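# Structural overview
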Amino acid sequence: MQFDAVLLPPRRARMAAQGLWRDRTINDYLDACVAACPDKLALTAVQVETGGVRRFSYREMAQMADRIAVGLARLGVGPGDVVACQLPNWWQFTLVYLACSRIGAVMNPLMHIFRERELSFMLQHGEAKVVIAPKVFRGFDFEKMITDLKPSLPHLQHVVAVGGQGANSFEALLSGPEWENAPDAQDILTRSRPGPDDVTQLIYTSGTTGEPKGVMHSANTLMSNIIPYAQRLHLDAEDVILMASPMAHQTGFMYGLMMPIMLKASAVLQDIWEPKKAIELIRGERVTFTMASTPFLTDLARTVGEDVKAGGAGVPTLHTFLCAGAPIPGPLVEQARSALGARIVSAWGMSENGAVTLTLPEDPDTRPASTDGCPLPGVEVKVVDGDGQALPIGESGRLLLRACSNFGGYLKRPQLNGTDADDWLETGDLARIDAQGYIRITGRSKDVIIRGGENIPVVEIETLLYRHPAVAQAAIVAYPDERLGERACAVVVPKPGQSIDLPEIQRFMKEHKVAIQYVPERLIVQEAMPATPSGKIQKFKLRESVRELVQGGKA
């Protein structure tokens, strides 16, 4: 694969001169861990359904990374090849990334909720050579799904199943044989190590174009974010980091996979979100920090509160919960602070940059309740009007950012990079900035619904709705939800003489293999859409009417 990360070279010298790009890869950090603390517990991975637990010291982690790396090389994977990984938060996810980094391959993390419709585009566009997925997870056969797609994916050579049987299993191909002891292992492990500006991660983000965009990151862009992030939160080698948010999101990938290694800290992975299990892990593993979206915080605060009322011990080791993905409701900050006894930190970010703004742990509780934080070192933000002119403090407008962690560009789509000659990135969000430099996201100019921290690709779902034989017009808009922040509502105008209901919409979506989280959860049928004189649907009016109907209990 030839990566067109065109946004990296122009800022290379400036980033290095400012000390923001430190020219270290994950290999350097892992090697340093092995040298300094080889027997320290690096990773604890817990499978909720099976109760399975796997632990690695840093020495064992490095050995397994080498083993899998040589195994991947045996499958024909080399520098610049894409290895797609559709795994939950299992130890194999972490180790596959470390293995890819040993041989210069690029990891493409894929959410395990994705099905044929999403995967067929991403695997084709990213030219994945190998896909690693569970044989079965939560009752679904991933190996069969991807194997069925394989004939339509000319670049895909191997489907590797974790927990599978026979010659194509992860265990038989990668983690079982002692590849690291083979005569050619050291040559394989040293000849193609990537540099800090090589693309190391390809991660897809849902946009407004109807198709996902492939975000390219280097070690320098990722690490220039993680280092100040950890410093602001006062995290170090003594911390134990729980990651229950999916590692196929930047949240899990950057702060649950990479950050613990960079800190020489310990990570705990939870593959299925269950708040009672999270409490058990926080207590048993002495977890000090975690990061997730609002629903996780809501669930954990409620469950811990119930536990304490019943005479439980709470979660005394947890000192910080960072909440991102959507603004935190003010009452939730108070409830969570009281129930958990931990600092609640709010944040805002993008796949293209990682976390951009964070409140400080020292801030009063009013800050995370009313803002999304202030920029990390190496990040600048500004709010402008439609003409690009800076707006006064407190006024809402287009949010632009310029950051050391800005991505290398969208794979094969440089025309969509959205970065001007001065490196300012159009975020697609609306925000205001207060006198202290804290931002508050006030809306989104991009047409995306955020359901529990998961972006719903509105244009793609609308396009599919238009294919239904009973639909004349369709729009997807958000409606508020206390737990998930937002859910998706379909507003439909039926064709003359036709009728449609929500079960039919949901059946149609599932028939087209749409991820279940993307399927509309409400339906409003109308005779006509509010529209501009040119015929464009006025979504702001739809949002207002849907919100009123939902809050009034009429939809």
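Conventions used here
- Residues numbered from 1 in each chain as written.
- Predicted model: local features only at pLDDT ≥ 70, side-chain atom pairs only at ≥ 80, totals over all residues.
- Heavy atoms only, no water.
- Helix = DSSP H or I, 4+ residues; strand = E, 2+ residues; numbered from the N terminus.
- Buried < 20%, exposed > 50% of the residue type's maximum accessible area, 1.4 Å probe, protein only.
- Areas by Shrake-Rupley, 256 points an atom, 1.4 Å probe, with all protein chains shown as cover.
- Lys, Arg positive; Asp, Glu negative; His and termini not counted.
- Charge placed at Lys NZ, Arg CZ, Asp CG, Glu CD.
- Pairing = 2+ DSSP bridges.
- Phe/Tyr/Trp six-rings, centres within 6.5 Å; stacked < 30°, edge-to-face > 60°.
- Lys NZ or Arg CZ within 6 Å of the ring centre and 35° of its normal.
- Expected span 1.5 Å × (residues − 1).

This part covers the overall build of the protein chain. For the protein chain, the count of helices and strands is 17 helices and 27 strands. For the protein chain, the spread of C-alpha atoms along the principal axes amounts to about 70 × 55 × 55 Å. Taken over 555 residues, the protein chain has a buried fraction of 58%. Total accessible area on the protein chain is roughly 21300 Å²; 50% of this is exposed by carbon and sulfur atoms. Across the protein chain, the mean location of the 57 positive side-chain charges is 2 Å away from that of the 63 negative side-chain charges.

Put simply, side chains in a regular strand alternate between the two faces of the sheet. Two elements, strand 25 (residues 471–481) and strand 26 (residues 485–494), share 10 bridges in a ladder whose sense is antiparallel. Its bridge partner being in strand 26, Y479 is matched across the sheet by R487. The hairpin formed by strand 25 and strand 26 contains three residues between the paired strands.

So, about the packing of aromatic side chains. Enumeration over the complete set of coordinates arrives at 11 aromatic pairs. On the numbers, 5.2 Å between centres and 50° between planes, the contact of F56 with W91 is tilted. With a gap of 35 residues between them, F56 in strand 2 (residues 53–57) and W91 in helix 4 (residues 91–103) connect regions that are remote in the sequence. Relative accessible area serves as the criterion here: at 9%, W91 is assigned to the buried category. Aromatic pair W273 and F296: ring centres 4.7 Å apart, planes at 45°, arrangement tilted. Highlighted residues: W273 in the loop between strand 12 (266–270) and helix 11 (275–285) and F296 in helix 12 (residues 294–309), separated in sequence by 23 residues. Three or more aromatic residues link up through ring pairs in this structure, and these residues are F56, W91 and F170. For the cation-ring pair, R24 lies above Y29, with the distance from its terminal atom to the ring centre recorded as 4.2 Å. In this structure, R54 is placed above the aromatic ring of W91, and the distance from its NZ or CZ to the ring centre is 4.8 Å.

Time to look at helix 4. Here helix 4 spans 19 Å end to end across 13 residues, near enough to the 18 Å set by a 1.5 Å rise per residue. Across the 13 residues that make up helix 4, a large majority, 13, are buried. One or two positions beyond helix 4, positive phi appears at G104, with a value near 80°.

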